[in-house]
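Listed here are the chains, written in short residue letters.
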Amino acid sequence: MATPMSAGSFLRALKAEGLTVVEVGDWRTHNRNHKGPWDPCTA
């Protein structure tokens, strides 16, 4: 299994594909509940 992307890496990948990304509040860390690093597989 691949290492999960960080929030910053995910954001850069989306922007690199030409998507417009609107960041809302502290989405990178909000309500993590001690789940560890941001990971799209655990959302």
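Before reading on, note that the structure itself is shown above.
Residues numbered from 1 in each chain as written. Predicted model: local features only at pLDDT ≥ 70, side-chain atom pairs only at ≥ 80, totals over all residues. Heavy atoms only, no water.

Chemist: Got a minute to help me understand the overall build of the protein in this structure?
Modeler: The helix and strand tally for the protein stands at 1 helix and 0 strands. Within the protein, the proportion of its 43 residues that are buried is 14%. (Helix = DSSP H or I, 4+ residues; strand = E, 2+ residues; numbered from the N terminus. Buried < 20%, exposed > 50% of the residue type's maximum accessible area, 1.4 Å probe, protein only.)

Chemist: I would appreciate a short explanation of helix α1 (residues 7–16) in the present structure.
Modeler: Count 3.6 residues to each turn of an α-helix, and residues three or four apart come out pointing the same way. Among all positions in α1, only Ala-7, Gly-8 and Leu-11 are buried. Angularly, the buried residues of α1 cover 100° about the axis, an arc narrow enough to put them on a single face. Away from the buried face of α1 by more than 90 degrees, exposed residues Arg-12 and Ala-16 are located. At the C-terminal side of α1, Gly-18 shows a positive phi close to 90°. (Arc of directions from axis to C-beta.)

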